[in-house]
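Observations on chain architecture
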Amino acid sequence: MIYDTAVICGYFILMVLISFIFKKMASKSSSDYFRGGGRMLWWMVGATAFMTQFSAWTFTGAAGKAFSDGFMVAAIFLGNTIAYGISWLWFAKRFRQVRVDTATEVIRHRFGSQNEHFFTWVIIPLSILSGAVMMNALAIFVSTVFDWDLSVTIWVTGIVVLMISLLSGAWGVVASDFVQTLIVAIISVACAIVALVNVGGPVNMVTHFPSGFIMGPNMNYGVVILGSVIFFIVKQLQNINNMQDSYRFLNAKDSKNAQKAAFFAMILMAVGTLIWFIPPWVSASLYPDATAQYAALGNKASDTIYLSFVERAMPAGTVGLLVAGLFAATMSTMDPALNRNSGIFVRSFWVPVVCRNKKISDRAELFAGKMFCIVNGLLVIIVSLFFSHLEGMSLFDLMMSVSTLAQAPLLVPLFFGMFIKRTPRWAAWGTVVFGIFVSWMCMDVLTSKALGQLLGIEFTKRELSEINVIINIVAHLVLTGGFFICTKLFYRETSYSVKEQQQIETFFKNIETEVVEDDQQSAFDRLQREKIGLITMLMSGGMVLMVLIPNPLWGRLLFLGCAASIFLVGYLLRLSCRVGQNSPQQAKHML
């Protein structure tokens, strides 16, 4: 356990170091702080786009479903892959071409200031709630498995995430996501290789799976699986390509880099889908009782399957890497939200409401953003601590229900609004309100149980769960999406003020007009490569130290191979800094 603890401590030290290394790049302007000034390279933006869709659930809940249900869990990540592919083909560059700093500024330019304020006070509370839920779930898992104090785990994780967002803004957030992508890759590839060797290859993995590798158990109707795959792709298409979640592409230095970022995220997701679930698939045949030792987690015991595999099959120290990966996955979804919310608060509330649109200095905007980042981060920690002390879960369930009711409707107008132009002023917020009603119907009226009674079919528990997901997606696509489209019938030229009409016309003109890097960009490019290269090489040095952990020769060689791979990435990045006229020192002077 001492080796695992040392690995985890090393991970947190690396994350804090990143915030100091990128601090200067985020301290010159509010735009630099909120979105890196729109100067980031495609591989940085692509990594943060990938990690935003990657959570600790991948190594816990999703791994548990892979262990019990087989291949079909991969359909979730297939949806992400296709959604990023469509983003590469159409959405990514258009999001970048909006030419703003925050997500709610995109909403203002498309739907007007009224909708900007509405979405501001929906997005911020929901993100605080979801961040607290994710942090609480991770803390419960880690504290139960490793006997760590729950409150301390929450405070440490929250403060590290807050430091990254506060000190280095978008630059630190995106840089940490790139490093965390490497951590996830290390764990996934190393575990997949060992798992395939232990089971005797991919053919044995498939043929020895106990309950049918493709369909899994308790599934009598293949059409349910097909429907889940198709409609989950539709769901992820909206989840990834909408005005709220498009902020990641606002960071890219130009239109082409935004497209490349989406393509990179697509490749990472596609390759990852083939690798992540190999250990739980193998465990189903080699270690069918793997989760028994964590029976204290109750019906969540299957969430420990990845951990059980690592403990049984991997060399000492890998558990520390896995826990670092869990923290990385959780932090990668939290720190962008803190940074995004700071920008939303300043640009969509502080300046227009508190300051009454009076001209204030960029330094004042930057200060306000940092202050709200502190408040936002502390709120996430406090709410997470509050959840952890609830004896009865009624309030938690109520808050989760509110989040579930609002989340899907929120995305519908923010997706369709990208290509449906003539809608009245109330179309966006009205669609969300109508969508909340649709969500309620899906929870209480349009249920899989009601469908089974109507058709006279007794579905299995797994089928009921899958059908509920399908019903929810179809209902919002047809009813909520249909509502937004039908608002076109109420559009009038007088629906918006003259200023808002001009903004909307500019919005649709801008998204079709390419953004091209300026003549100072090359210096920023080299500075990014230099800093990330340095961080990556430091990370490889820490990995080399893991070779000293008492392990069989193959275990030491495994860690050495991982360290060499990471070092190669860092070395190539540093080597690329030498190309061009402006040196990294000149770039630093420019900043």
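Residues numbered from 1 in each chain as written. Predicted model: local features only at pLDDT ≥ 70, side-chain atom pairs only at ≥ 80, totals over all residues. Heavy atoms only, no water.

**What to know about the overall build of the protein**
A count of helices and strands for the protein gives 24 helices and zero strands. Here the protein has a C-alpha radius of gyration of 24 Å; the compact-globule value for 591 residues is 25 Å, and the two agree. In terms of principal-axis extent, the alpha carbons of the protein reach across some 70 × 70 × 45 Å. The burial tally for the protein puts 59% of its 591 residues in the buried class. Looking at the protein alone, contacts between residues at least 24 apart form 86% of all its contacts between residues at least 6 apart. For the protein, the accessible surface area stands at approximately 23900 Å², while carbon and sulfur atoms represent 67% of it. Across the protein, 43 positive and 33 negative side-chain charges occur, with their mean positions spaced 9 Å apart. (Helix = DSSP H or I, 4+ residues; strand = E, 2+ residues; numbered from the N terminus. Rg over C-alpha atoms; globule rule 2.2 N^0.38 Å. Buried < 20%, exposed > 50% of the residue type's maximum accessible area, 1.4 Å probe, protein only. Contact = heavy atoms within 4.5 Å. Areas by Shrake-Rupley, 256 points an atom, 1.4 Å probe, with all protein chains shown as cover. Lys, Arg positive; Asp, Glu negative; His and termini not counted. Charge placed at Lys NZ, Arg CZ, Asp CG, Glu CD.)

**Some details on the environment of Pro 217**
Relative to the assigned elements, Pro 217 resides in the loop between α9 (202–207) and α10 (222–240). Between the C-alpha atoms of Pro 217 and Ala 49, which are 168 residues apart in sequence, the distance is 33 Å. If near-sequence neighbours (up to four positions away) are discounted, Pro 217 is found in contact with Ser 68, Asp 69, Ser 211 and Arg 462.

**Here's the deal with a nonpolar patch on the surface**
Together, Phe 437, Trp 440, Val 445, Leu 446, Val 478 and Leu 479 line one region of the surface with nonpolar side chains, adding up to about 520 Å² of accessible area. Of all elements in the fold, only α18 (427–444) and α20 (461–486) reach the threshold of two or more residues within the nonpolar patch. Along the chain, Leu 479 turns up in helix α20. On the basis of relative accessibility, which here comes to 33%, the residue Leu 479 falls in the partly exposed class. (Patch = residues over 30% accessible without salt bridge, like charges linked within 9 Å, V, L, I, M, F, W, Y side chains within 5 Å. Salt bridge = Lys/Arg side-chain N within 4 Å of Asp/Glu carboxyl O.)

**Concerning the side chain of Asn 376**
Mapped onto the elements of the fold, Asn 376 is located in helix α16 (residues 362–388). A residue is classified by how much of its surface remains accessible, and Asn 376, at 1% relative accessible area, is buried.

**What to know about the packing of helix α7 (residues 113–146) against helix α15 (residues 318–354)**
Contact geometry of α7 with α15 gives a least axis separation of 10 Å together with a crossing angle of 160°. On the basis of their axis angle, the class for α7 and α15 is roughly antiparallel. As for how α7 packs across α15, the hand of that crossing is left-handed. Among the residues making up the contact of α7 with α15, the classes are represented as 19 nonpolar, eight polar and three charged. (Axes fitted to C-alpha atoms, helices over the stretch in contact; angles between N-to-C directions. Parallel < 35°, antiparallel > 145°, perpendicular 65-115°, else oblique. Left-handed = near helix turned anticlockwise from the far one by under 90°. Nonpolar A, V, L, I, M, F, W, Y, C, P; charged D, E, K, R; others polar.)

**Looking at the nonpolar core**
Counting residues in each nonpolar core, the largest one holds 168 residues, and the members touching the most others are Tyr 11, Met 15, Phe 22, Phe 309, Phe 327, Met 331 and Met 543. Per-element accounting of this core gives the leading share, 24 residues, to helix α8 (residues 150–199). Non-local contacts of Met 15, meaning those with residues more than four positions away in its chain, are made with Val 160, Ile 164, Ser 176, Val 179, Gln 180 and Met 331. (Core = buried A, V, L, I, M, F, W, Y, C linked by side-chain atoms within 4.5 Å.)

**Remarks on helix α6 (residues 103–111)**
For an α-helix, the turn length of 3.6 residues means that residues three or four places apart are oriented alike. Judged by how many residues are buried, α6 sits mostly within the fold: nine of nine residues are covered. Once α6 ends, the next one or two residues include Gly 112, with phi positive near 100°.

**Topic: unusual backbone geometry**
The backbone phi angle of Arg 99 is positive, close to 65°, even though this residue is not glycine. Within the fold, Arg 99 resides in the loop between α5 (74–96) and α6. With a relative accessible area of 35%, Arg 99 lands in the partly exposed category. Non-glycine residue Arg 356 carries a positive phi angle of around 55°. Within the secondary structure layout, Arg 356 lies in the loop between α15 and α16. Given the relative accessible area of 67%, Arg 356 is considered exposed.

**Overview of the environment of Met 163**
Among the secondary structure elements, Met 163 is positioned in helix α8. Residue Met 163 is classed as partly exposed on the basis of its relative accessible area of 25%. C-alpha separation for the pair Met 163 and Val 173, spaced ten residues apart in sequence, amounts to 10.0 Å. Not counting the four nearest positions on each side in its chain, Met 163 is found in contact with Val 16, Ser 19, Phe 20 and Ser 168.

**Topic: the environment of Ala 83**
Note on placement: Ala 83 falls in helix α5. Sequence separation between Ala 83 and Met 135 is 52 residues; the distance between their C-alpha atoms is 26 Å. Beyond its immediate chain neighbours, meaning those up to four positions away, Ala 83 contacts Gln 236, Leu 237, Ile 240 and Asn 241.

**Quick notes on the packing of aromatic side chains**
By the definition in use, this model includes 39 aromatic pairs. Summarising the aromatic geometry, the rings of Phe 416 and Phe 419 are spaced 6.0 Å apart at their centres and angled 70° between planes, so their arrangement reads as edge-to-face. Assessed through its relative accessible area of 40%, Phe 419 is described here as partly exposed. Note that Arg 248 overlies the ring of Tyr 247, its terminal NZ or CZ placed 5.9 Å from the centroid. (Phe/Tyr/Trp six-rings, centres within 6.5 Å; stacked < 30°, edge-to-face > 60°. Lys NZ or Arg CZ within 6 Å of the ring centre and 35° of its normal.)

None of the figures reported here should be taken as evidence of function without further support.
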